[in-house]
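Each chain, letter by letter, is given below.
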Amino acid sequence: MKGRTVFVSDLHIGTGAETNWYQKGVHEPLLKNFLRYLQSDENHVDELVILGDWFDLWNYHPFSSPPDVALIMRQNPALFQRHADGDFVSLLDRVKVRYINGDHDMEVELREVNRLLSALTDRRILPGHGNDFEKPALANTYYMNGPIWAEHGNQHDLFNKPSLTAANPLAPLPLGYFVNRIYCHYLQKRIASVHRADAAAVSGCCETSLESYGITLEGLLQELMHQLKKGEKLNPASIILKMMMQHNRNNQLDFKLGGKSLSEVNTDGIARFYPDLISEENFYDAMCEAEVAFDGLAHFARQHVNKNPHTRVVLMGHTHCALNMYCGSLKNHVFANTGYFCPPQPDIDSGLHLPGFVEVDSFNDGSLKVTQKIVSGTLDEDIREISALRVY
């Protein structure tokens, strides 16, 4: 074997707020087992690539201000300080680590993460591509190494890619930011209804399909066509917010935004930040991107290999749907999704969803092996292979 790179995504480490998907009591022991696996000489890992949503700055109740990355790291000392049982600082001693921004951490700057770790290690986390420790978050969106291409996936998601229009005073935050925070209001009520302490006790709470948020693609299309027939400007943001508020049985919510240019905003004011998501001119392409929130990223993986035939392996995260599949009729390309690392406890117990990652092995003959693995417990033997594909 020539080299081994491990890809993981969607850890969603937060402060431990009740609406955070990642909760220490459930996920920290599993994550530490994974970190020990990476450090073990027996597993021959050369590089770890974190494909976005390492941190979560979105999943917080509208009435509370989201944290910054410094607070998240302080609240998780077992992961961001040296410990014998696995942590990110000790990992840097043995493995090259790269980090790509996702959507829930699109404003986290790599230089700030490295600054916070600098008191504990001289080593640095690298961006997804290149060696520029100062690479800004909005430019740190992909990993490329020969025939391997990896990204978070939100760049193809109409509602979760950065919104950089002049109309958006909260740029780069997209509409999906507010969708998630409205969902957290609903999630808080679900947590209370089952008499539990946090989101990790609520089965299915990490589903990222908009249908789980009360939004259907059919309903969105119907409302857009209705706007067209009336000769109105297409306004998908207002449609989505209306659907969510009806699903959550609310009329209006106020959002605290921490250090943003607007300290607070309400649902009535949000839609005006996103006036051109879908127009008559970009309707088809925009709907393809909208469909990511319902049907995944495989379309964009195929699109990438068609445009870049030298790419043989495409990896993404974002959707929380782990998979490992041939991409194309000739079986000479693979698309893998790493899944996510923070399923709720009931889903872990039932085996419905488990934390996972993907390994890509490079061989001297130029071939690649793509292996999907899960972490079902805290022992070495609890890290198991689920599927493996080879491309030549």
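Nothing here was measured: the structure is a model prediction, and the numbers come from that model. (Residues numbered from 1 in each chain as written. Predicted model: local features only at pLDDT ≥ 70, side-chain atom pairs only at ≥ 80, totals over all residues. Heavy atoms only, no water.)

Asker: Run through the sheet that holds strand β2 (residues 47-51), naming residues and quoting values.
Answerer: Overall, mixed pairing links the seven strands, which are arranged β4-β3-β2-β1-β12-β13-β14 in an open sheet. Both outer strands of the open sheet, β4 (126-127) and β14 (383-391), are each paired with one neighbouring strand and no more. Judged from the five bridges that link them, strand β1 (residues 3-8) and strand β12 (residues 356-362) form a sheet pairing that is antiparallel. Residue V6 lies in a different strand from β12, and its bridge partner there is E359. Each of β1, β2, β12, β13 (368-375) and β14 touches helix α1 (residues 24-39); the most contacted strand, β13, lies at about 145° to it. (Pairing = 2+ DSSP bridges. Helix = DSSP H or I, 4+ residues; strand = E, 2+ residues; numbered from the N terminus. Contact = heavy atoms within 4.5 Å. Axes fitted to C-alpha atoms, helices over the stretch in contact; angles between N-to-C directions.)

Asker: Go over the packing of aromatic side chains, please, and point to the residues and values.
Answerer: Summed over all chains, the structure comprises 17 aromatic pairs. Members of the aromatic cluster, each reached through a chain of ring pairs, are W54, F55, F80, F88 and Y99. Above the plane of the ring of F363 lies R390, whose end atom (NZ or CZ) is 4.0 Å from the centre. (Phe/Tyr/Trp six-rings, centres within 6.5 Å; stacked < 30°, edge-to-face > 60°. Lys NZ or Arg CZ within 6 Å of the ring centre and 35° of its normal.)

Asker: Help me get a handle on helix α6 (residues 175-193), residues and values and all.
Answerer: The end-to-end C-alpha separation of α6 is 28 Å, in line with the 27 Å expected for 19 residues at 1.5 Å each. One or two positions beyond α6, positive phi appears at H195, with a value near 55°. (Expected span 1.5 Å × (residues − 1).)

Asker: Pulling in residues and values, what's your account of the packing of α6 against helix α8 (residues 236-248)?
Answerer: Running from N to C, α6 and α8 point in directions that differ by 5°, and their axes come no closer than 10 Å. Considering the angle they form, α6 stands roughly parallel to α8. For the pair α6 and α8, the contacting residues are L175, V179, I182, Y183, Y186 and K189 in the first and A237, I240, L241, M244, M245, H247 and N248 in the second. Tallied by class, the residues present in the contact of α6 with α8 amount to 10 nonpolar, two polar and one charged. (Parallel < 35°, antiparallel > 145°, perpendicular 65-115°, else oblique. Nonpolar A, V, L, I, M, F, W, Y, C, P; charged D, E, K, R; others polar.)

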